[in-house]
Amino acid sequence: MMNKLEQIRIDNPLIICYTNDVVKNFTANGLLSLGASPAMSEAPEEAEEFTKVANALLINIGTLTHENEEDILKIVKIANQQRTPIVFDPVAVGASTYRKKFCQKFLAEVDVTVIKGNASEILTLVDSQTTMKGTDSDNSLDSVEIAKKASDILNTAVVITGKDDVIAQNHQMIKLSNGSPLLAKITGAGCLLGGIVASFLFKNTNPSIDDLIEAVSVYNIAAELAEKASYVHGPGSFLPELLDQLYQLEDVTYEKYLKKEEV
Amino acid sequence: MMNKLEQIRIDNPLIICYTNDVVKNFTANGLLSLGASPAMSEAPEEAEEFTKVANALLINIGTLTHENEEDILKIVKIANQQRTPIVFDPVAVGASTYRKKFCQKFLAEVDVTVIKGNASEILTLVDSQTTMKGTDSDNSLDSVEIAKKASDILNTAVVITGKDDVIAQNHQMIKLSNGSPLLAKITGAGCLLGGIVASFLFKNTNPSIDDLIEAVSVYNIAAELAEKASYVHGPGSFLPELLDQLYQLEDVTYEKYLKKEEV
Amino acid sequence: MMNKLEQIRIDNPLIICYTNDVVKNFTANGLLSLGASPAMSEAPEEAEEFTKVANALLINIGTLTHENEEDILKIVKIANQQRTPIVFDPVAVGASTYRKKFCQKFLAEVDVTVIKGNASEILTLVDSQTTMKGTDSDNSLDSVEIAKKASDILNTAVVITGKDDVIAQNHQMIKLSNGSPLLAKITGAGCLLGGIVASFLFKNTNPSIDDLIEAVSVYNIAAELAEKASYVHGPGSFLPELLDQLYQLEDVTYEKYLKKEEV
């Protein structure tokens, strides 16, 4: 059953998104379709007032530059002081030494509630030997093993996306098998999931694995339904339909489609 | 009758948009669909050459940061020297002291032609006692009273958006009642309206209330028609249809749908 | 025949895009629909690692500011050292002295593989006497003459867009006549073409004119097919359909529609 989605649709929780330049519009539209209230504030000067009333903060490093490194660190420290949960998306962390170093510094200084990434990205966070191409995932990696390791070492909830998705939280592990291959053909599909996970946190820095399962599954089932829609015939028509499916997803459909198993 | 829209479609007036990071693409596409020529120049070094040939300048503070504060003030002062009309959108001004202070400084130093915002935002500009959540409007506020007060105090045209929209200009007041609830489910709907108002100014720093009525109503009637379209079933499909309706709106439809009354 | 598009769909070449703030999302989605892997990295700190594995680098100055001038120059010099081909899009170069000076400096210091722009923009690069309004092209200019002159003077491939498109490379000249008027009603249509040209380079700093013809024609034929689709009735519905047509374009359709002639 979708417990939290109904609450999102009623409460319209404020989610602060410090995300990359490519996906701000799509993330905002995705969160609005879900029922959340996104705010893309990036000024440390207003972080205290914004994070105080926010239900969660999303940090996504997709277009990290020297200029915003400092601002991000200022904002997350204020969020930590206010116990506002943080979702961290280490986009393409394996693609450059620059990103790796920033993520190491970030994770050393900040308490994060959920880390979301593909298997390569999460592996890079716990193992500096890995490399990757751009933001793509390598399907040969064992997501279950990586999620368990990362959750133990980093002491956070971990969501690993891929063909199957794996969630590790509080020593529980779940594999989810919904989604659509068209998600890989639109930019920001993974970034939006970060915002959706944030929308399910409701100020809780230790969410249950069930809340995380619902967040990931609502999104992936919406994608699955969008792909099946009769007028969807490519990434272009898939995009608006994904927003519409997020907007109208019903409990009975969610229950019918949900594919999860303990691992 | 739509007097100015025909002129926009023929002249393609250049509108300079210094707007927030989330909505640049949507604003540009909305203005192109309307018939205007948007240019998202943000370099003070070229402001003189750009504002000289522009019909209006839009300033939107949705993602204000320390880095762009100074640039904005440089650009608007050049626009003032050239008597290029300025539309100001104080997005979420009530959400942080930082935004409030910037807007006070901005309005003290700059001559603005139109201020557009929801009732909370406009009230915050004239009354520092108010607060608000994010960019949402509070429908319990009396838009007519706030518009009148703001127009008198700030000595500009004021457009207040909400379930109904209120325009105050040159001691005239009009209430407009078109629009769609789906506008609140897409990001940048209000921001695009700022650009559309700018497109109706044609270098005039004292536009008639009729021009402002047409700007707001063209947009809201397009939204109303988009919502009614048979293939629109959520925010995702509403978005492209809104652009198409702006592109094809005809005078006879405009006249049929227009809901306005003096207040 | 489409030789390179099949290779793009199989190899998913990584394309680094340093492009303007308005079109990042659309450029990324367009390249994903084509089959390429876009990465919008803008940090000079990671330019060496990114350009090393990239097939090409796109530089687009649509929202040039003082802050990113230096970063662009650092990144392109690294790309030059690694012989990563560069596509340069001098957006609205004629609209301000600031842009003209930057482009002069850029072209003096950097080896560019392809320059893409409308006739006014390319003419401005080789002739400082010209002016233009915003990013619009002036159809009265003789694109063939300008392309030839620019290719000779600047010693690069030149792609001039307009009602017809002209390509000059290695003393060969081709005129292409596909496309759709709706391309001028969406923002970033020309910017996306820059990314598409980059996707056809496969690390080659001296591409054949046939590769450039295929890049431009794939895009313009996709646009032509999108405009003809039954549910397209304006710029809003054209946008997603353009992505879908890029995603599904087949060789037989390409051959049927292609309009090219030597000039």
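As the structure is a prediction and not an experimental result, all values here were calculated from the model.

The rules behind the values
Residues numbered from 1 in each chain as written. Chains lettered and ligands numbered in written order. Predicted model: local features only at pLDDT ≥ 70, side-chain atom pairs only at ≥ 80, totals over all residues. Heavy atoms only, no water. Helix = DSSP H or I, 4+ residues; strand = E, 2+ residues; numbered from the N terminus. Rg over C-alpha atoms; globule rule 2.2 N^0.38 Å. Contact = heavy atoms within 4.5 Å. Areas by Shrake-Rupley, 256 points an atom, 1.4 Å probe, with all protein chains shown as cover. Lys, Arg positive; Asp, Glu negative; His and termini not counted. Charge placed at Lys NZ, Arg CZ, Asp CG, Glu CD. Salt bridge = Lys/Arg side-chain N within 4 Å of Asp/Glu carboxyl O. Nonpolar A, V, L, I, M, F, W, Y, C, P; charged D, E, K, R; others polar. Buried area = accessible area lost by both parts, 1.4 Å probe. Polar contact = N/O pair within 3.5 Å; in protein donor to acceptor, adjacent residues only side chain to side chain. Least-squares fit on C-alpha atoms with pLDDT ≥ 70 in both. UniProt positions renumbered as here; feature names shortened; annotations may be inferred. Buried < 20%, exposed > 50% of the residue type's maximum accessible area, 1.4 Å probe, protein only. Pairing = 2+ DSSP bridges. Patch = residues over 30% accessible without salt bridge, like charges linked within 9 Å, V, L, I, M, F, W, Y side chains within 5 Å. pLDDT = per-residue confidence, 0-100. Axes fitted to C-alpha atoms, helices over the stretch in contact; angles between N-to-C directions. Core = buried A, V, L, I, M, F, W, Y, C linked by side-chain atoms within 4.5 Å. Parallel < 35°, antiparallel > 145°, perpendicular 65-115°, else oblique. Left-handed = near helix turned anticlockwise from the far one by under 90°.

The next thing to look at is the overall build of chain A. When helices and strands are tallied, chain A shows 11 helices and nine strands. By the compact-globule yardstick of 18 Å for 263 residues, chain A fits well, its C-alpha radius of gyration being 17 Å. Looking at chain A alone, contacts between residues at least 24 apart form 73% of all its contacts between residues at least 6 apart. Total accessible area computed for chain A in this model is approximately 9500 Å², and 46% of it derives from carbon and sulfur atoms. Mean positive and mean negative side-chain charge positions of chain A (23 and 36 charges, respectively) differ by 3 Å.

Taken together, the 27 residues of chain A in the interface contact 26 residues of chain C. Note that Glu46 of chain C is salt-bridged to Arg99 of chain A, the shortest N-O span being 2.8 Å. Listed by contribution, the elements that provide at least two residues to the side of chain A that touches chain C are helix H4 (66-81), helix H5 (97-109) and helix H10 (235-248) of chain A. Here the element with the most residues in the side of chain A that touches chain C is H10 of chain A; it accounts for four residues. Across the side of chain A that touches chain C, the residue classes break down as 11 nonpolar, 10 polar and six charged.

Turning our attention to the interface of chain B and chain C. Contacts between chain B and chain C engage 26 residues on the former and 27 residues on the latter. Between chain B and chain C, a total of about 2200 Å² is buried, with carbon and sulfur atoms accounting for 54% of that surface. Connecting chain B to chain C are two salt bridges. Linking chain B to chain C there are 12 residue pairs in polar contact (both at pLDDT 80 or more). Breaking the side of chain B that touches chain C down by element, the ones donating at least two residues are helix H2 (24-34), helix H3 (47-53) and helix H10 (235-248) of chain B. Within the side of chain B that touches chain C, the residues separate by chemical class into nine nonpolar, eight polar and nine charged.

Time to look at the relation of the copies chain A and chain C. Laying chain A over chain C is done by rotating through 120° and shifting 0.0 Å along the axis; what remains is an RMSD of 0.0 Å. Expressed as a symmetry operation, the mapping of one chain copy onto the other fits a three-fold axis. Of every C-alpha in chain A, the one belonging to Asp21 of chain A sits nearest the axis of rotation, 4.2 Å from it.

On to the UniProt feature "binding site: ATP" (unreviewed entry) in chain A, then. Residue and element names in this part refer to chain A. Per the UniProt record, "binding site: ATP" (unreviewed entry) is annotated on Lys116 and Thr161. Of the residues just listed, which span 46 residues, no C-alpha pair is farther apart than 7.5 Å, and they cluster in one region. Taking the relative accessible area as the measure of exposure, Lys116 reaches 3% and is therefore buried. With sequence-adjacent residues up to four places away left out, Lys116 is seen in contact with Phe88, Asp89, Pro90, Ile122, Val159, Thr161, Gly190, Leu193 and Gly194. Separated by 3.4 Å, the side chains of Lys116 and Asp89 make a polar contact.

Turning our eyes to something else, we now look at the pairing of strand E3 (residues 56-60) of chain C. Residue and element names in this part refer to chain C. Counting buried residues in E3 gives five out of five residues, a clear majority hidden from the surface. Residues of E3 alternate between two faces, with Ala56, Leu58 and Asn60 on one and Leu57 and Ile59 on the opposite face, all of them buried. Of the strand pairs in this sheet, strand E1 (residues 14-18) and E3 are connected by four bridges, and their pairing is parallel. Residue pairing for E3: Tyr18 is matched across the bridge by Ile59. Both E3 and strand E4 (residues 86-89) contribute to a ladder of four bridges, which runs parallel. Looking across to E4, one finds that Ile59 is bridged to Phe88.

Before going further, it helps to examine the UniProt feature "binding site: substrate" (unreviewed entry) in chain A. In the numbering adopted here, UniProt assigns the feature "binding site: substrate" (unreviewed entry) to Met40 and Gly188 of chain A. Note on placement: Met40 of chain A falls in the loop between strand E2 (37-39) and helix H3 (47-53). Since its relative accessible area comes to 6%, Met40 of chain A is described here as buried. Sequence-distant contacts of Met40 of chain A, defined by excluding residues within four places in its chain, comprise Cys17, Lys24, Thr27 and Ala28 of chain A together with Val22 and Thr63 of chain B. With respect to the helices, strands and loops of the structure, Gly188 of chain A is situated in the loop between strand E8 (172-176) and helix H8 (189-199). Among all residues touching Gly188 of chain A, those that are not within four sequence positions of it are Val23 and Phe26 of chain A.

For the rest of this paragraph, the subject is a positive patch on the surface. A cluster of basic residues, Lys163, Lys228, Lys256 and Lys259 of chain A, forms a positive patch on the protein surface. As for its position among the elements, Lys256 of chain A is in helix H11 (residues 251-257).

Moving on, we come to the confidence of the model for chain A. Interpreting fine coordinate detail is not advised for predicted regions of low pLDDT. Residues and elements named next belong to chain A. Mean pLDDT over chain A: 95, with 95% of residues reaching 70 or higher. Every residue in residues 129-136 scores below 50 in pLDDT, and together they form 23 contacts with partners more than four places removed in sequence or on other chains. Complex prediction metrics read pTM 0.96 and ipTM 0.94.

Moving on, we come to the side chain of Glu241 of chain B. Structurally, Glu241 of chain B is set in helix H10. Lys228 of chain B provides the closest opposite charge to the buried, salt-bridge-free Glu241 of chain B, at an N-O distance of 12 Å. Glu241 of chain B has contacts with Ala226, Ala229, Tyr231 and Val232 of chain B together with His233 of chain C, leaving out every residue within four places of it along the chain.

Once that is clear, we can look at the sheet that holds strand E7 (residues 165-169) of chain A. Residues and elements named next belong to chain A. Spatially, the nine strands line up as an open sheet ordered E2-E1-E3-E4-E5-E6-E7-E8-E9, and their pairing is mixed. Of all strands in the sheet, those bounded by a partner on one side alone are E2 and strand E9 (260-262). The sheet shows a mean angle of 20° between the axes of neighbouring strands, direction not considered. In this structure, strand E4 (residues 86-89) lies alongside strand E5 (residues 114-118), joined through two bridges in parallel fashion. Residue pairing for E5: Phe88 is matched across the bridge by Ile115. Contacts from helix H9 (residues 209-228) reach E5, strand E6 (157-161), E7, E8 and E9, with the element oriented near 160° to E7.

Let us look at the nonpolar core. Phe106 of chain A, Phe106 of chain B together with Phe106 of chain C are the most contacted members of the largest nonpolar core, which has 133 residues in total. Once residues lying within four places of it in the same chain are set aside, the contact partners of Phe106 of chain B are Ile59, Ile72, Leu73, Val76, Phe88 and Val112 of chain B.

On to the packing of H9 of chain A against H10 of chain A, then. All names here are of chain A. Axis separation between H9 and H10 bottoms out at 8 Å; the angle between their running directions is 130°. Between H9 and H10, the angle falls in the class oblique. Viewed along their axes, H9 and H10 form a crossing whose handedness is right-handed. On H10, the residues touching Val218, Tyr219, Ala222, Ala223, Leu225, Ala226 and Glu227 of H9 are Phe238, Glu241, Leu242, Gln245 and Leu246. For the contact of H9 with H10, a count of residues per class yields nine nonpolar, one polar and two charged.

A surface patch of negative charge is lined by Glu45 and Glu67 of chain A, Glu45 and Glu67 of chain B together with Glu45 and Glu67 of chain C. Positionally, Glu45 of chain A belongs in the loop between E2 and H3. Of the residues examined, Glu45 of chain A reaches a relative accessible area of 39% and is grouped as partly exposed.

Here we take up the environment of Cys103 of chain A. Residues and elements named next belong to chain A. By the secondary structure assignment, Cys103 is in helix H5. Residue classification places Cys103 among the buried positions, given a relative accessible area of 1%. Spatially, the C-alpha atoms of Cys103 and Pro207 are 23 Å apart, while their sequence positions differ by 104 residues. Contacts of Cys103, omitting those with residues within four sequence positions, involve Ile61, Phe88, Pro90, Val93 and Leu125.

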